[in-house]
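Residues per chain, in single letters:
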Amino acid sequence: MTARGRLIAFEGIDGSGKSTQVRRVAADRGALCTFEPGDTELGAALRAVALHGTATMTPLAELLVMAADRAQHVAQVIEPALADGRDVVCDRFDGSTLAYQGYGRGLDLDEIRAVLSVATGGMSPDATVLLDCPVADALRRVAGDDGTPDRFEGDERFLGRVRDGFLALADLGSWIVVDATLPVDEVARLVDERLAASVR
């Protein structure tokens, strides 16, 4: 009988270096590398609406769009890989929804958890890595990407609440927290060292 794979989630505000570490860790472990929102056909359409849509969106509507993306992602990508015995490394998971729509937008955390439990069938990561970065540093990195800021990137006070939320969630959930302002090689070393102790 094939052992079930493990789900490793990376969290943090944009500009914290998540994507770099997600790709590296997935490659090193031979794991499936994926991301949210948007790594399914439906998810790509939902991502466009959530991040770059011009229509006004209430915090509750934003939550439900993100939950719909996650429901599709879990059913179509994550669960089949885990069931097949393959590890999955994901750029964002439930922690981002709690941080952005909960701490950032002010929605009730217990209500968000109830929505996410339905969307994921109760799935939770085997390990969560938070790459923590001050908002000002993250915004400087994002500005260097030459991309158009999305719905979440332009408000420094909002991102401050999100970062505080991530740190609060990390304390509650025993996440692995790594200082993302360190040199990238040192970040990688710390991530690998702490994951090795957490996910065997």
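Cut-offs applied
- Going along each chain's sequence as written, the residues are numbered from 1 onward.
- Where local features are concerned, this predicted model is filtered to residues with pLDDT of at least 70; where side-chain atom pairs are given and counted, the filter is 80 or more; whole-chain, interface and lining totals use all residues.
- Side-chain metrics in this entry use all non-hydrogen atoms of the structure; hydrogen atoms and water are not considered.
- Elements are defined by DSSP. Helices are runs of H or I of four residues or more, strands are runs of E of two residues or more, and each kind is numbered from the N terminus.
- Each residue's exposure class comes from its accessible area (1.4 Å probe, protein chains only) as a fraction of the maximum for that residue type: buried when under 20%, exposed when over 50%, partly exposed otherwise.
- Polar contact criterion, stated in full: a pair of N or O atoms within 3.5 Å, where within protein one must be able to donate a hydrogen and the other to accept it, and residues adjacent in sequence count only if both atoms are side-chain atoms.
- A contact between two residues is defined here by any heavy atoms of the two lying within 4.5 Å.
- Two strands pair under a simple rule: DSSP has to find at least two bridges between them.
- Think of each axis as a best-fit line through the C-alpha atoms, taken over the contacting stretch in the case of a helix, with angles from 0 to 180 degrees between the N-to-C directions.
- Geometry of aromatic contacts follows a simple scheme: Phe, Tyr and Trp rings, the Trp one being its six-membered ring, pair when their centres are within 6.5 Å, and the pair is stacked under 30 degrees between planes, edge-to-face over 60, tilted otherwise.

Engineer: I keep staring at the side chain of Glu36 and nothing clicks. Help me out?
Structural biologist: Summarising the element assignment, Glu36 is placed in the loop between β2 (32-35) and α2 (41-52). We classify Glu36 as buried; its relative accessible area is 5%. Looking at Glu36, its side chain comes within polar contact range of the side chain of His73, at 2.7 Å. In this view, Glu36 contacts Arg47, Asp69, Arg70, His73, Ile78, Cys90, Asp91, Arg92 and Phe93; residues no more than four positions away in its chain are not counted.

Engineer: Help me understand the sheet that holds β2, please; the structure alone is not making it clear to me.
Structural biologist: Within a sheet, each strand pairs with its neighbour through backbone hydrogen bonds, oriented either parallel or antiparallel. With parallel pairing, five strands are arranged side by side in an open sheet as β2-β3-β1-β4-β5. Both edges of this open sheet fall to β2 and β5 (176-179), since each of them pairs with a single strand only. On average, each strand axis in the sheet is inclined to that of its neighbour by 20°, with strand direction left out of account. Relative to β5, strand β4 (residues 127-132) is paired through four bridges, and the arrangement is parallel. Along β5, the bridge assignment pairs Val129 with Ile176. This element, helix α8 (residues 184-198), spans β1 (7-11), β4 and β5 of the sheet and lies at about 170° to β5.

Engineer: Hey, could you run me through the pairing of β2 in this one?
Structural biologist: Walk down a regular strand and you will see the side chains alternate between the two sheet faces. Burial of the side chains of β2 is restricted to one face: Leu32 and Thr34 are buried, whereas none of Cys33 and Phe35 on the reverse face is. The sheet contact formed by β2 and strand β3 (residues 88-91) spans four bridges and is parallel. The residue of β3 that forms the bridge with Leu32 is Val88.

Engineer: Please clarify how the packing of aromatic side chains should be interpreted in this entry.
Structural biologist: For any pair of aromatic rings, the description consists of the separation of the ring centres together with the inter-plane angle of the planes. In total, this model carries two aromatic pairs according to the counting rule given. Note on Tyr100 and Phe158: the rings are 6.0 Å apart at their centroids and 55° apart in plane angle, and the pair reads as tilted. Taken together, the positions of Tyr100 in helix α4 (residues 94-104) and Phe158 in helix α7 (residues 156-173) put the pair 58 residues apart, joining distant regions of the chain. Take Tyr100 and Phe158: they sit in the same class, and that class is buried. Between Tyr100 and Phe166, the ring centres sit 6.1 Å apart and the planes meet at 80°, which makes this aromatic pair edge-to-face. Taken together, the positions of Tyr100 in helix α4 and Phe166 in helix α7 put the pair 66 residues apart, joining distant regions of the chain.

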